[in-house]
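Now for the letters of each chain:
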Amino acid sequence: MPSLNTINHNLNDACQLLQTVSPSPAADASRLLCFVLDCNSAHLIAWPEKELTPQQAAGFAELLKRRLIGEPIAYITGAREFWSLPLKVNQDVLIPRPETETLVEFVVDRFAERDGIKTADLGTGSGAIACALATERPQWDIVATDISHAALQIARSNANMLKLDNIRFCQGNWFEAIAGDVFDLIISNPPYVADDDHHLAEGDVRFEPELALTAGAQGLDAIQILTRQAGDYLTADGWLIVEHGYDQRSAVQDCFLQGGFEEIVQLTDLASLARVTAGRSPGSQEQAQKEPAW
Ligand SMILES: C[S@@+](CC[C@H](N)C(=O)[O-])C[C@H]1O[C@@H](n2cnc3c(N)ncnc32)[C@H](O)[C@@H]1O
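Residues numbered from 1 in each chain as written. Predicted model: local features only at pLDDT ≥ 70, side-chain atom pairs only at ≥ 80, totals over all residues. Heavy atoms only, no water.

1. Looking at the packing of aromatic side chains
And then number 1: On inspection of all chains with the given rule, the structure shows four aromatic pairs.
And then number 2: Between F106 and F111, the aromatic rings sit 6.2 Å apart at their centres with planes inclined by 90 degrees, giving edge-to-face as the arrangement.
And then number 3: Relative to F261, the ring of F256 has its centre 5.2 Å away and its plane inclined at 50 degrees; by these criteria the two rings are tilted. Taken individually, F256 and F261 each receive the classification buried, so the pair is uniform in this respect.
And then number 4: A network of ring pairs unites the aromatic residues F106, F111 and W239 as a single cluster. (Phe/Tyr/Trp six-rings, centres within 6.5 Å; stacked < 30°, edge-to-face > 60°. Buried < 20%, exposed > 50% of the residue type's maximum accessible area, 1.4 Å probe, protein only.)

2. Considering the site of the ligand
And then number 1: Surrounding the ligand, one finds 17 residues, the nearest of these being G123, D146, N173, W174 and N189.
And then number 2: G125 places a main-chain nitrogen or oxygen 3.4 Å from an oxygen atom of the ligand.
And then number 3: Within the backbone of I147, a nitrogen or oxygen atom sits 3.3 Å from a nitrogen atom of the ligand.
And then number 4: Contact with the protein chains covers 95% of the free accessible surface of the ligand, which is 590 Å².
And then number 5: Split into classes, the residues belonging to the shell around the ligand amount to nine nonpolar, seven polar and one charged. (Near = heavy atom within 4 Å. Polar contact = N/O pair within 3.5 Å; in protein donor to acceptor, adjacent residues only side chain to side chain. Areas by Shrake-Rupley, 256 points an atom, 1.4 Å probe, with all protein chains shown as cover. Nonpolar A, V, L, I, M, F, W, Y, C, P; charged D, E, K, R; others polar.)

3. Examining the domain arrangement of the chain
And then number 1: Domain assignment breaks the chain into domain 1 (7-70) and domain 2 (94-290).
And then number 2: Summarising the inter-unit geometry, the C-alpha centres of domain 1 and domain 2 are found 36 Å apart. (Domains from an automatic or database assignment.)

4. Re the pattern of salt bridges
And then number 1: Considering all chains together, one arrives at 12 salt bridges under this definition.
And then number 2: Residue E99 is joined to R275 by a salt bridge in which the shortest nitrogen-to-oxygen separation is 3.9 Å. One end of the pair, E99, is in the loop between β2 (85-88) and α6 (100-110); the other, R275, is in strand β9 (residues 274-280), and 176 residues separate them in sequence.
And then number 3: Notably, a salt bridge pairs R275 with E243, separated by 3.9 Å at the nearest N-O pair. Note that R275 is positioned in strand β9 and E243 in strand β7 (residues 234-243), a separation of 32 residues in sequence.
And then number 4: One salt-bridge network, held together by shared partners, links E99, E243, D269 and R275. (Salt bridge = Lys/Arg side-chain N within 4 Å of Asp/Glu carboxyl O. Helix = DSSP H or I, 4+ residues; strand = E, 2+ residues; numbered from the N terminus.)

5. Some remarks on the side chain of Q248
And then number 1: Note that Q248 resides in the loop between β7 and α11 (249-258).
And then number 2: We classify Q248 as buried; its relative accessible area is 5%.
And then number 3: At 3.4 Å, the side chain of Q248 and the backbone oxygen of Q218 are in polar contact.

6. A look at the sheet that holds strand β4 (residues 141-146)
And then number 1: If you walk across this open sheet you meet the seven strands as β5-β4-β3-β6-β7-β9-β8, and the pairing is mixed. The open sheet is flanked by β5 (167-171) and β8 (262-268), the only strands paired with a single partner. When strand polarity is set aside, the average angle formed by the axes of neighbouring strands in this sheet is 15 degrees.
And then number 2: Taken together, the five bridges between strand β6 (residues 183-188) and β7 define a ladder with parallel strand orientation. Bridge pairing in β7 links L185 to W239.
And then number 3: Each of β4 and β5 is contacted by helix α8 (residues 149-161), which is oriented at about 170 degrees to β5, the strand it contacts most. (Pairing = 2+ DSSP bridges. Axes fitted to C-alpha atoms, helices over the stretch in contact; angles between N-to-C directions. Contact = heavy atoms within 4.5 Å.)

7. Things to note about the pairing of β5
And then number 1: Looking at chain direction, β4 and β5 are connected through five bridges and run parallel. In the strand pairing of β5, T145 is matched with C170.
And then number 2: Viewed along the sheet, the connection from β4 through α8 into β5 turns out right-handed. (Right-handed = clockwise from strand over helix to strand, strands pointing away.)

8. As for the layout of surface pockets
And then number 1: Its boundaries defined by the atoms lining it, the second largest pocket holds a volume of some 250 Å³.
And then number 2: Along the walls of the second largest pocket sit 17 residues, with P23, R67, G203, D204 and V205 positioned nearest its centre.
And then number 3: In this structure, the lining of the second largest pocket is formed jointly by two domains, domain 1 (7-70) and domain 2 (94-290), each of which donates at least three residues. (1 Å grid on protein atoms, 1.4 Å probe; cavity = no way out; pocket = protein on both sides within 12 Å on 5 of 7 lines; lining within 4 Å. Points joined across faces, edges and corners; volume = space filled by probe spheres on them.)

9. Focus: the nonpolar core
Across soluble globular proteins, nonpolar side chains show a tendency to be buried alongside one another.
And then number 1: Counting 32 residues, the largest nonpolar core has V107, F111, L133, I167, L185, I187 and I241 as its most contacted members.
And then number 2: At seven residues, helix α7 (residues 128-136) tops the list of elements feeding residues into this core.
And then number 3: Once residues within four sequence positions are removed from consideration, I167 is found in contact with A130, C131, A134, I142, A144 and A159.
And then number 4: Membership of the second largest hydrophobic core comes to 25 residues, among which are I178, A222, I223 and A230. (Core = buried A, V, L, I, M, F, W, Y, C linked by side-chain atoms within 4.5 Å.)

Put into structure tokens, the structure is as follows:
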């Protein structure tokens, strides 16, 4: 009689159960079983008839229970890849999203490696943006901030794990964390979901910290603070680069215009939706006449 405790059997059972709660049941089942067996997905494909030990089977059942009540895979496994970097995550931080790579890509393409470029990542969460930039631009001097002490602990531990020594961490409410300093680049993926957005009650988002998600009635409170105040913390030739919601393109453009930013550009994600807005410092005109642009 065929065993009921093989890799294949466990995967099939899990996949059926997860169909009711997950948009990607097969991938979730595979990810959780890999986590329990400490292997990669190729191992599951190569050894479908291999038996799980009773401990492995019990461990898998436990994780499956958590996924069945909706807990995100990244929180269950404590890990999420961003910009090909393995990052540690927990419920104190937003799970880094692929669309945030659009922001990193823009910064890396537009601003070359050069000694002493000062960059601030405001609301760093897991440290995803700061770690990606520190990896790509080891000569930059990066400050990563967050109002959440717990989030900063995760960000710091990710930077240590990746052996990145060009990031400093500061706790504080937006610009309070960098008071008295000026930067060439201020970058942020701030909270930008409207307080009553129905998505907050759906899927993985239910488990993420509210502090990382919501920003007032229109979801624009944090972006307004950033665009109003960034000019005081940017060099004359500096840039503010902000991620925002897919439906906030024109509202965010207005915020940048009201903040006096120039050369405003808006970048689309893989789904062709504008998700990142960047603008040059309000004080950049006179400086641009003295120095070449980036
Ligand atoms: C959308 S999450 C972005 C996290 C990370 N940068 C990323 O891209 O995955 C927003 C972050 O802003 C932080 N935050 C919220 N309010 C803040 C404030 N007033 N000052 C500084 N950081 C704040 C949250 O704790 C959270 O880590």
